[in-house]
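So the chains spell out like this:
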Amino acid sequence: MKTILILLLLVVITIPTSLTFAQTAIDGFSSERAAAERRWEEQFRAIPNQKSAREHLRRLTLEPHIAGTKEDYDTAIYVRDQLRSYGLSADLKEYEVWLNYPNTPSLLELITTRRQRLNTHEAVVPGDPSSSHPKITPLFNGYSASGDVTAPVVYANYGLPNDYEDLKKAGVDVKGKIVIVRYGNSFRGVKAKVAEQNGAIGCIIYSDPEDDGYMQGDVFPKGPWRPVASGQRGSVQYLFDYPGDPLTPGKPAIAGTPRLKPEEATDLTRIPVQPIAYDVARTILSQLKGPLRPRGFQGGLPFAYHAGGTSDVKLRLKTDMDYKLRTIWNVVARIDGNEEKDRWVVLGNHRDAWVFGAVDPNSGSSAMLEVARGFGELLKQGWKPRRTIIFCSWDAEEYGLVGSTEWAEELADELRQKAVAYLNLDAAVSGPHFGASSVPSLWKFIRGTTRDVKDPKTGKSVYQQWQDRARENRPEGDQNLSEARIGALGSGSDYTPFLQHLGIASTDMGFGGDYGVYHSAYDSFYWMDRFGDPGFHYHVAAAQLWGTLAMRLADADGLPFDYTDYATQLRDFFTETMRLARIRNLAASFDDKPMTSAIDDFVKEAEQLEKDRQEAVRKSDHARLTRINDALMLAERQFIDARGLRGRPWYRHQIYAPGFYTGYAAQPLTDFRQAIDDRNSANTKESLERIVEAIKRVTKTLKAAD
Ligand SMILES: [Zn+2]
């Protein structure tokens, strides 16, 4: 599902560059091992190619392949057989999970002085051969309830709590009404939940042309942006509560696991929710009366938006969902490590798509197959990775990270003991601009590796292109920034169970661009070939970069994790949250000294361990490196608190989780920040204490390597 990494590039920070390695040096490798590693890596990067990447994408996007269907199964078999043809052992891994499809396309009627039937499908676009495919999924939301409701319509902007407060102030009550909200500023599951909480009986979500339509540029097929008759499908699961199969929270969806009744699942909405295109939204919104809305509520349609709510403009929304336990198929392949078989580097990408999914997610699947093909070749030439590498092709990510969550829940104990890192790739390519999110301990590693992969368009390194763009987009007057920012992991893709449930260091990345066809029928091979990556150069770059990252983590003598960046990041998060606490007059209700001193101790220990690691690598002191590597791997686990976050025990990471009202975006120092937003001084105190405890555990783990 993951979208718009590109935004991360617009924010830049100042960190001095201190890369003084010689040409052949690689962080974590002794000088003689670095030379060998570099040769293997160069051999690897010569293997992924445009023709092969293009063919994978063509093959994977031939049919709509929504999770649990025969067409989805066919893509699993394609991926498995490709992996096997490269000499890797690969198998399907099945789960039985709760999924919905529309029995029939949803019915939407505008009722004024007459009844007008409105479209709930996307139009055929001349020129795009796949847009007339007979099996294109109608517009619907994953995990919407079934229902048949008729009521006055209220326009509720982005559908966030403050939008409803604004409406209330304007005298508009949404209770018993159908709300129409626009995409943007929050995950769509948040929009459904807040609508339900405010008493709405139905929720319609549309793509405003201001967001990804004609206000951005030419629309498809002339340009890459969303055409008028296009809508955004997507899940409305409350994934900020818990992701995965709604009926087996925290447990794998396999035989023997007791299942909740659907009405017991707390991550499902009870109201019908329906996405629509903006030409349909135009028909509805242009009829609305009631108070004129302020500037923050206005969008890109050619009239002033009103709140509605009057009884002379009603909608009928009927959704008819076929809910069942359905089989989904992950594909898992592994290359056993030569020296440390029980240390795993896990690479994951989802395969299921709402329709064809050329960008989201199959650009990533194509890149994954190219990485695997490359590794297969290297193995034949005698490459022996030190650690185990696992490739995962996830299913049902679009419904709520289902395939990855079930697998992580099933293998939880083993992953806790063995996983060094999880490297995610979702929508790998929609343009030429690199962006990344990760835990801070891997920032230097990501930056360092991007220096060694060429950006296809400029011929510079990916690193250079990334930094140049960050500088171009830096805020006015900010002269001394030197590096592009790596974002915080929230949710919205498959790293969530690894990082936020199990405490495994994770990364997510991709090349972004003008991507206006997210979750539509036009996210097709044709779109990619024409707009996203003509020539497939960036698919190759994505494979080269992802593969190089995996090789380094798998082969390094001393794992290239640096926790000093984590400490710096924590200090910044804390400073920012304290600023909010002061604004809200909450700063006096707790003591900030334990946190400050826990971070100070953390910095000291992280700096010491970094020195020790460099020295042990230089001396090839393997006994010491084993202790250091274990500490580096296990330190992230210590951010996990088994009690979970307040009101959502599945999320256990004390620093990173999606916010209740962002849904995708991270809300760092999650519970502490939430308590401040809630102006709850008791919760503020308690959540800060838990964070301090977690940081102390991390520091202790790093110290254990001494
Ligand atoms: Zn995706």
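Residues numbered from 1 in each chain as written. Predicted model: local features only at pLDDT ≥ 70, side-chain atom pairs only at ≥ 80, totals over all residues. Heavy atoms only, no water.

Caption draft 1: Geometry of the overall build of the protein. Within the protein, the regular secondary structure consists of 21 helices and 18 strands. Rg of the C-alpha trace for the protein: 25 Å, near the compact-globule value of 27 Å for 706 residues, within the 12% margin. Within the span of the protein, comprising 706 residues, buried residues form 63% of the whole. A sequence separation of at least 24 residues applies to 79% of the contacts in the protein between residues at least 6 apart. About 24,900 Å² of surface is accessible on the protein, with carbon and sulfur atoms providing 50% of the total. Looking at charge distribution, the protein has the averaged site of its 89 positive side-chain charges lying 2 Å from that of its 93 negative ones. (Helix = DSSP H or I, 4+ residues; strand = E, 2+ residues; numbered from the N terminus. Rg over C-alpha atoms; globule rule 2.2 N^0.38 Å. Buried < 20%, exposed > 50% of the residue type's maximum accessible area, 1.4 Å probe, protein only. Contact = heavy atoms within 4.5 Å. Areas by Shrake-Rupley, 256 points an atom, 1.4 Å probe, with all protein chains shown as cover. Lys, Arg positive; Asp, Glu negative; His and termini not counted. Charge placed at Lys NZ, Arg CZ, Asp CG, Glu CD.)

Caption draft 2: Region of interest: the nonpolar core. Counting residues in hydrophobic clusters, the biggest one holds 190 residues, and the most contacted among them are F391 and W407. Residue contributions to this core peak at 11 residues, all from helix 16 (residues 537-555). Excluding residues within four positions of it along the chain, F391 makes contact with L88, V331, V332, A333, I335, L347, M368, V371, A372 and F375. Grouped together as the second largest cluster of nonpolar side chains are 24 residues, A151, V153, I204 and L317 included. (Core = buried A, V, L, I, M, F, W, Y, C linked by side-chain atoms within 4.5 Å.)

Caption draft 3: The sheet that holds strand 16 (residues 433-438), seen in detail. Ordered by their spatial adjacency, seven strands build an open sheet running 2-12-14-13-15-18-16, and the pairing between neighbours is mixed. A strand with exactly one partner marks an edge of an open sheet, and here the two such strands are strand 2 (89-102) and strand 16. Ignoring which end each strand starts from, the neighbouring axes of this sheet average 20° apart. In this sheet, strand 18 (residues 506-512) lies alongside strand 16 in antiparallel orientation, the contact comprising six bridges. Residue A436 lies in a different strand from strand 18, and its bridge partner there is M509. (Pairing = 2+ DSSP bridges. Axes fitted to C-alpha atoms, helices over the stretch in contact; angles between N-to-C directions.)

Caption draft 4: Up close: the side chain of T684. In this fold, T684 is placed in helix 21 (residues 681-703). Leave out the neighbours within four places in its chain, and T684 touches F590, F672, A675 and I676.

Caption draft 5: Summary view of helix 19 (residues 622-635). Taking 1.5 Å per residue, 14 residues should reach 20 Å; helix 19 reaches 19 Å between its end C-alpha atoms and fits that length. Lining the buried residues of helix 19 we find strand 13 (340-350), strand 14 (387-394), helix 11 (412-418), strand 15 (419-429), helix 18 (593-618) and helix 21. (Expected span 1.5 Å × (residues − 1).)

Caption draft 6: Fine view of the side chain of E41. Within the element layout of this structure, E41 appears in helix 1 (residues 31-45). Note on E41: relative accessible area 0%, which makes it buried. Setting aside its immediate chain neighbours within four residues, E41 contacts I26, T548, M551 and R552.

Caption draft 7: Highlighting the packing of aromatic side chains. Inspection of the entire model under this criterion finds 39 aromatic pairs. Where W98 meets Y323, the ring centres are 5.5 Å apart and the plane angle is 20°; that geometry is what we call stacked. One end of the pair, W98, is in strand 2; the other, Y323, is in strand 12 (residues 321-335), and 225 residues separate them in sequence. Given a relative accessible area of 14%, W98 falls into the buried group. For the ring pair Y563 and Y566, a centre distance of 5.8 Å and an interplane angle of 5° mean the geometry is stacked. Since its relative accessible area comes to 0%, Y566 is described here as buried. One aromatic cluster is present, built from ring pairs that chain together F220, Y515, Y518, Y522, Y526, W527 and F531. For the cation-ring pair, R293 lies above F297, with the distance from its terminal atom to the ring centre recorded as 4.3 Å. Over the face of the ring belonging to Y651 we find R648, whose NZ or CZ atom lies 5.5 Å from the ring centre. (Phe/Tyr/Trp six-rings, centres within 6.5 Å; stacked < 30°, edge-to-face > 60°. Lys NZ or Arg CZ within 6 Å of the ring centre and 35° of its normal.)

Caption draft 8: Spatial organisation of the confidence of the model for the protein. In this model, the protein carries an average pLDDT of 95, and 96% of its residues clear a pLDDT of 70 or more. Long-range and interchain partners of residues 4-22, a stretch whose pLDDT sits below 50, account for 45 contacts in this model, where long-range means more than four residues apart. (pLDDT = per-residue confidence, 0-100.)

Caption draft 9: View of helix 17 (residues 564-583). Here helix 17 spans 29 Å end to end across 20 residues, near enough to the 28 Å set by a 1.5 Å rise per residue. Buried within helix 17 are the following residues: T564, D565, Y566, A567, Q569, L570, F573, F574, T577, M578, L580 and A581. Taken together, the buried residues of helix 17 touch helix 12 (443-450), helix 18, helix 20 (670-677) and helix 21. Downstream of helix 17 by a residue or two, N585 has a phi angle that is positive, lying close to 60°.

Caption draft 10: Seen up close, the pattern of salt bridges. Applying the stated criterion across every chain yields a total of 58 salt bridges. Close ionic contact of K135 with E71 constitutes a salt bridge, the shortest N to O distance being 2.7 Å. With K135 in the loop between strand 4 (115-118) and strand 5 (141-142) and E71 in helix 3 (residues 70-85), this residue pair connects regions lying 64 residues apart in the sequence. The residue D148 makes a salt bridge to R316 at a minimum N-O spacing of 2.8 Å. (Salt bridge = Lys/Arg side-chain N within 4 Å of Asp/Glu carboxyl O.)

Caption draft 11: Highlighting the environment of L669. As for its position among the elements, L669 is in the loop between helix 19 and helix 20. Separated by 15 residues in the primary sequence, L669 and Q654 have C-alpha atoms spaced 6.2 Å apart. What L669 contacts, discounting residues up to four positions off in sequence, is L570, F573, F574, T577, M595, Q654, I655 and I691.

Caption draft 12: Expanded view of the pairing of strand 6 (residues 147-155). The buried fraction of strand 6 is high, at seven of nine residues. Where strand 6 meets strand 11 (residues 314-319), six bridges bridge the pair, whose relative direction is antiparallel. Directly across from D148, in strand 11, lies its bridge partner K318. As defined by bridge partners, strand 6 adjoins strand 7 (residues 178-182) across three bridges and the pair is classed as parallel. Directly across from V153, in strand 7, lies its bridge partner I178.

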